[in-house]
Amino acid sequence: MGIELKCFATLRDYLPENADDYPVEPGETIRSLVARLGIPEKDVTIMFINALRSDLDSEIKDGDRVGLFPPVGGG
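Notes on the structure follow. Predicted, not measured: the structure shown is a model, and the values here were computed from it.

### Describing the nonpolar core
Okay, step 1: Residues Ile3, Leu5, Ile30, Leu33, Ile60, Val66 and Leu68 are the most contacted members of the largest nonpolar core, which totals 19 residues.
Okay, step 2: When contributions to this core are tallied by element, the ones reaching two or more residues are strand S1 (4-7), helix H1 (30-37), strand S2 (46-49) and strand S4 (65-69).
Okay, step 3: If you tally residues by element for this core, the top one is H1, at four residues.

Printed below as a string of structure tokens:
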């Protein structure tokens, strides 16, 4: 079992084909996941694990739902 991964807006280009069951290693963090996906860290500013706001050092476990968002602008 892996994680369910969602990348939004400009990060969609980094979404792997197996995003519904993306494998993670024990001790994996959002930071290491972002690096594996090839996403520049500065491009990820909002992160969620199981609908809870998280940060780059939050740990990910099998079965988690992870959402990554780029900087949000607007007025």
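### A word on H1
Okay, step 1: For H1, every residue scored as buried is listed here: Ile30, Leu33, Val34 and Leu37. Within H1, the buried residues cover an arc of 100 degrees as seen down the axis, which keeps them to one side.
Okay, step 2: Structurally, H1 contributes buried residues whose contacts are with S1, S2, strand S3 (52-54) and S4.
Okay, step 3: Looking one or two residues beyond H1, the residue adopting positive phi is Gly38, at roughly 80 degrees.

### Here's the deal with the packing of aromatic side chains
Okay, step 1: Using the criterion set out here, one finds two aromatic pairs in the structure.
Okay, step 2: Centroid distance Phe8 to Phe69: 4.2 Å. Interplanar angle 5 degrees. Geometry classified as stacked. With Phe8 in the loop between S1 and H1 and Phe69 in strand S4, this pair connects stretches of sequence that are 61 residues apart.
Okay, step 3: Taking relative accessible area as the criterion, Phe69 reaches 24% and is therefore assigned partly exposed.
Okay, step 4: Judged by centre distance (5.8 Å) and plane angle (80 degrees), the rings of Phe48 and Phe69 are edge-to-face. With a gap of 21 residues between them, Phe48 in strand S2 and Phe69 in strand S4 connect regions that are remote in the sequence.
Okay, step 5: The exposure class of Phe48 is partly exposed, given its relative accessible area of 27%.
Okay, step 6: Taken together, the ring pairs connect Phe8, Phe48 and Phe69 into an aromatic cluster.

Procedures and definitions
Residues numbered from 1 in each chain as written. Predicted model: local features only at pLDDT ≥ 70, side-chain atom pairs only at ≥ 80, totals over all residues. Heavy atoms only, no water. Core = buried A, V, L, I, M, F, W, Y, C linked by side-chain atoms within 4.5 Å. Buried < 20%, exposed > 50% of the residue type's maximum accessible area, 1.4 Å probe, protein only. Helix = DSSP H or I, 4+ residues; strand = E, 2+ residues; numbered from the N terminus. Arc of directions from axis to C-beta. Contact = heavy atoms within 4.5 Å. Phe/Tyr/Trp six-rings, centres within 6.5 Å; stacked < 30°, edge-to-face > 60°.

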